[in-house]
Amino acid sequence: PTDDPAALDQAVRARYQEFDSVPSAQLEAAAAVVALEKIGPSVLVTNSAGGFRALLTALKSDNIRGIVAYENPGFVFPRSANIDVPEGPFGPVYVSDEEFARLTRIPMQFVWGDNLNRSAVWAPLVALNREFVKLVNMRGGKAEIVMLPDVGLRGNTHIPFADLNNEEVAQQLFSWMEQHQLVK
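Since we're looking at a predicted model, the values are computed, not measured.

Caption draft 1: Structural view of the overall build of the protein chain. When you go through the protein chain residue by residue, the secondary structure sums to 6 helices and 6 strands. Counting from the amino terminus, helix and strand elements in the protein chain follow one another as α-α-β-α-β-β-β-α-β-α-β-α. Its C-alpha atoms give the protein chain a radius of gyration of 16 Å, near enough to 16 Å, the size a compact globule of 184 residues would have. Expressed along its principal axes, the backbone C-alpha trace of the protein chain runs to roughly 50 × 35 × 35 Å. Scored against the burial criterion, the 184 residues of the protein chain give a buried share of 46%. Considering only contacts within the protein chain whose residues lie at least 6 apart along the sequence, 62% involve residues at least 24 apart. For the protein chain, the computed accessible surface area is about 10100 Å², with 54% contributed by carbon and sulfur atoms. The distance from the centre of the 16 positive side-chain charges to the centre of the 22 negative ones in the protein chain is 7 Å.

Caption draft 2: The arrangement of the pattern of salt bridges in detail. All told, the structure shown has 5 salt bridges when counted by the stated rule. Put simply, Arg102 and Asp62 hold a salt bridge, and the shortest N to O gap is 2.8 Å. Highlighted residues: Arg102 in the loop between α4 (97-101) and β5 (107-112) and Asp62 in the loop between α3 (50-58) and β2 (64-70), separated in sequence by 40 residues. A salt bridge links Arg105 to Asp62; its shortest N-O distance comes to 3.7 Å. Residue Arg105 is found in the loop between α4 and β5, and its partner Asp62 is found in the loop between α3 and β2; the two are separated by 43 residues along the sequence. As far as the burial class goes, Arg105 and Asp62 line up, both exposed. One salt-bridge network, in which partners are shared between bridges, spans Asp62, Arg102 and Arg105.

Caption draft 3: Structural view of the pairing of β5. Judged by how many residues are buried, β5 sits mostly within the fold: 6 of 6 residues are covered. Burial of the side chains of β5 extends over both faces: Pro107, Gln109 and Val111 are buried on one face and Met108, Phe110 and Trp112 on the other. As judged from the 4 bridges shared by β2 and β5, these two strands associate in the parallel manner. Paired with Val68 across the strands is Gln109, a residue of β5. Of the pairings in the sheet, the one linking β5 to strand β6 (residues 142-147) comprises 6 bridges and is parallel in character. Each residue of the ladder has a partner; that of Met108, found in β6, is Ala143. For the crossover from β5 across helix α5 (residues 122-138) to β6, the handedness is right-handed.

Rules used throughout
Residues numbered from 1 in each chain as written. Predicted model: local features only at pLDDT ≥ 70, side-chain atom pairs only at ≥ 80, totals over all residues. Heavy atoms only, no water. Helix = DSSP H or I, 4+ residues; strand = E, 2+ residues; numbered from the N terminus. Rg over C-alpha atoms; globule rule 2.2 N^0.38 Å. Buried < 20%, exposed > 50% of the residue type's maximum accessible area, 1.4 Å probe, protein only. Contact = heavy atoms within 4.5 Å. Areas by Shrake-Rupley, 256 points an atom, 1.4 Å probe, with all protein chains shown as cover. Lys, Arg positive; Asp, Glu negative; His and termini not counted. Charge placed at Lys NZ, Arg CZ, Asp CG, Glu CD. Salt bridge = Lys/Arg side-chain N within 4 Å of Asp/Glu carboxyl O. Pairing = 2+ DSSP bridges. Right-handed = clockwise from strand over helix to strand, strands pointing away.

Purely geometric numbers; function is a separate question.
As structure tokens, this is what we get:
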């Protein structure tokens, strides 16, 4: 809605910038850990900054069996990797090698839609995601990136489950869960 100021205002009205901070994300992750103690083993399926919170939660909970994150803007890196990205509202958060190793114990899939190369915001985040996946896999983890256009799905926005091809997007999720034996 960028051509229509009123529509853009309405679209971003529900955003609270003060909640987009690392301390808020860590607080929400701590609450998720408590919830997962009651719920039990779960696969976290997230959109946008929910993916960052899922990664932070996985650092502290043994109840996460996998993470699927759609267009996640925030990541966790081991301090030893010497990633030189300043902290913003979605991290990155830097942790010890021991803490980072927790992320190598669960399968993770990061899913991205179309037109990312046109965005000054999202294109660098995809590159950061590639670096994160590389580090996880170099340390024995199972992380992957799916670019929806690369699997024949086009026309996706930042919220692919609201798009017209949402059933095909969901099929990608189901296939990944079956591949990692996360479906009962």
